[in-house]
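Residue-level structural notes
Given next are the chains, with one letter for each unit.
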Amino acid sequence: MTDFSVPQRMSFAAFFIYFLKELWHLLSVILILAGYRIANSDAGFAEGLRIAVMWFCCAVALALILAAASYFQVKFHIDGGNLIYRQSLINRATTTIPLNRIHTLRTRRGLLYRLLGLRGIVFDTLAAKGSEIELILSESDWQSLLVRVRQQERPQPASPDLPPAYNPSALKEFANKTLLLDALCQNHLKGMVILAGLAVALLNSLTELPWFSIDEVYGYLESESETFAVSLAGIAIVLACTYVVSLALWLGKVVVRYYDLTLTYDSKTLTFSYGLMSRLSSRFTRDKVCTLWVKRNYFEKRFGLCTLALKQALNSTAQKEDENLRIYGRDASRFLLGWWLGRDYASEAEIITAKSGKGVFTRSLLIDLLISGVAAGILWHVELYAWITVPAIYLPVGLQKGILTMRHSNISLRESYLIIGQGRFAEIKNYVKYDNVEVVRLTRSPLTRLTGRVSLSLSTSGSTFTVRSLPISQAIRLRELLLT
């Protein structure tokens, strides 16, 4: 077992990973340049092939240089419970991180990683935004490093002769069938975002084509659209196909990312492992979780499903939404809440509860009224009177959204934790421990004198929550209880 007491580099197989990453980034640029050169050259096939091979050799050489620069500059070791990470190519930089300050250990095992017996490890701390350290280690070195991290997390015994406390672990599996079912229950507009991203990438690639090809494609689409776009049935077919494609993309993304989700847990840590193509893992420590986020929409309630997320400090978790861990499937909120808050969390007495008033409904409705009014005015101006039915239909949906937003907005204080209700069409509950509340703020609006309502905001190291339109007396009482 490696003890990491001496500064060392990553295994040499990591150099191959660095090389392939750099080569992949370079090939996209070099292939475009080579294609442009060949398209604008009068030489034959043999000359074009020679140009492509020459560009590829240049990409390989440059990738080797960049991979060597990334690999040979890094050394790391563990000294006195601290991970020391050194970079010394031109400027020498040394980063020291206490192992007990690590919030999340995230790993990646793609196909190539698995073939080479490697694992990419990311250490997330509060020291800086994004990933603090990323290492590529062999499986044996990863297990040795994980043992060292666990030793620092475990309370030290009073006497060196006493063994450390025993924490048995257990395994919990999430069925892929319920993962797919819960993915179907989500907002399908998420697939539209993926489709839009693919469309943007396609347009960017089309701009690299020769101009005569673009003109031919544009001319063909223009000639066909004249007979197709005027038909309402044609528009309906386009919308239906777009919806089906976006839904398939969304389901594919969820399945590829969260396939075969499993949970290994003990009294102190949770380790999620998931992924189809690349096997990912996220390791959460109990005392570093600041919020448990639980979402249930109508369909999830109907089928006994829910969406879960464990939130930590902002700088200790992935900054991009797509990199955050979401747990789709059967309702596992009782298990996670029992692990985090204690088995008796549900039986704790309620101290005080406050619900939002009509100000939340008015705030939501004003935005929808503005959108509907502007859209109807534009359609009327361009004399598309039949399409005014679209904002007319949208407005009742906005009314329902405002009612549900007001119904879901509330705050409840229990003995050891609080619940913050949010959500529009879906009901969202944020569970927060009192120890994690850092800032509490009351905000008065110009209408407070008339309505007697204020907004209560509270912040943890990872999230900020605002409950609007609360009675002044209840909001002041809540603030006093939260600050004591």
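Scope of this entry: the structure provided in the associated data block. (Residues numbered from 1 in each chain as written. Predicted model: local features only at pLDDT ≥ 70, side-chain atom pairs only at ≥ 80, totals over all residues. Heavy atoms only, no water.)

Let us look at the sheet that holds strand E20 (residues 464-471). What the 3 strands build is an open sheet, ordered E18-E19-E20; its pairing is antiparallel. For this open sheet the edge positions go to strand E18 (439-443) and E20, each flanked by a neighbour on one side alone. Across this sheet, the average inter-strand angle for adjacent strands is 20°, counted without regard to direction. (Pairing = 2+ DSSP bridges. Helix = DSSP H or I, 4+ residues; strand = E, 2+ residues; numbered from the N terminus. Axes fitted to C-alpha atoms, helices over the stretch in contact; angles between N-to-C directions.)

Here we come to the sheet that holds strand E15 (residues 410-413). An order of E13-E12-E11-E17-E16-E15-E14 is seen for the 7 strands of this open sheet, with the pairing classed as antiparallel. Across the chains shown, the open sheet's two edge strands, defined by having one partner strand only, are strand E13 (327-330) and strand E14 (352-355). Geometrically, the sheet is characterised by an average inter-axis angle of 20° between neighbouring strands, direction not taken into account. Against the sheet, helix H14 (residues 472-483) touches E14, E15 and strand E16 (417-422), its axis set at about 135° to E14. (Contact = heavy atoms within 4.5 Å.)

We now examine the state of the cysteines. Tallying each qualifying case throughout the model produces 0 disulfides. Not part of a disulfide, Cys58 finds its nearest cysteine sulfur in Cys57, a span of 7.0 Å. Judged by relative accessible area, which is 43%, Cys58 ranks as partly exposed. (Disulfide = S-S within 2.5 Å. Buried < 20%, exposed > 50% of the residue type's maximum accessible area, 1.4 Å probe, protein only.)

Here we take up unusual backbone geometry. Although it is not a glycine, Asp260 sits at a positive phi angle of roughly 55°. Mapped onto the secondary structure, Asp260 falls in the loop between helix H8 (232-258) and strand E8 (262-265). Residue classification places Asp260 among the partly exposed residues on the basis of a relative accessible area of 34%.

How two aromatic rings sit relative to each other is set out by the distance from centre to centre and by the angle between their planes. Scanning all chains against the criterion turns up 15 aromatic pairs. Their ring planes at 70° and their centres at 5.7 Å tell us that Tyr258 and Tyr328 sit as a pair that is edge-to-face. Taken together, the residues span a long stretch of sequence, with Tyr258 in helix H8 and Tyr328 in strand E13 at a distance of 70 residues. You'll find Tyr258 and Tyr328 in the same group, each marked buried. Three or more aromatic residues joined by ring pairs form one cluster here, namely Phe12, Phe15, Tyr71 and Phe72. Sitting above the plane of the Phe303 ring, Arg302 keeps its charged end 5.7 Å from the centroid. (Phe/Tyr/Trp six-rings, centres within 6.5 Å; stacked < 30°, edge-to-face > 60°. Lys NZ or Arg CZ within 6 Å of the ring centre and 35° of its normal.)

What follows concerns the environment of Phe16. Position of Phe16 relative to the elements: it lies in helix H1 (residues 13-39). For Phe16, a relative accessible area of 38% gives the class partly exposed. Along the backbone, Phe16 and Leu116 are 100 residues apart, and their C-alpha atoms lie at a distance of 9.4 Å. Residues within four places of Phe16 in sequence aside, it is in contact with Leu112 and Leu116.

With that settled, consider the pairing of E16. Most of E16 is tucked away, with 5 of its 6 residues classed as buried. Bridge count for E15 against E16 is 4 bridges, and the pairing is antiparallel. Pairing of Ser412 across the sheet is with Ile419, part of E16. Linking two consecutive strands that pair antiparallel, namely E15 and E16, is a turn of 3 residues. Relative to strand E17 (residues 427-433), E16 runs antiparallel, the two being bridged by 6 bridges. Along E17, the bridge assignment pairs Gly421 with Lys429.

This paragraph deals with the pattern of salt bridges. Under the definition given, this model contains 7 salt bridges. The partner of Glu139 in a salt bridge is Arg119, with the nearest N and O atoms 2.9 Å apart. On the criterion of sequence distance, the pair formed by Glu139 in helix H4 (residues 139-153) and Arg119 in strand E5 (residues 118-124) is long-range, its members being 20 residues apart. For Arg119, a relative accessible area of 12% translates into the label buried. Two residues, Asp287 and Lys288, come together in a salt bridge whose shortest N-O distance is 3.9 Å. For Lys288, a relative accessible area of 14% puts it in the buried group. (Salt bridge = Lys/Arg side-chain N within 4 Å of Asp/Glu carboxyl O.)

Residues Met10, Phe76, Leu105, Phe123, Leu135, Ile136 and Leu137 are the most contacted members of the largest nonpolar core, which totals 35 residues. A per-element tally of this core places H1 first, with 9 residues. Each residue touching Ile136, except ones within four places of it in the same chain, is listed here: Met10, Ser11, Ala14, Ile17, Tyr18, Tyr113, Leu118, Arg119 and Gly120. Ranked by size, the runner-up nonpolar core spans 34 residues in total, among them Leu251, Tyr274, Leu280 and Tyr431. (Core = buried A, V, L, I, M, F, W, Y, C linked by side-chain atoms within 4.5 Å.)

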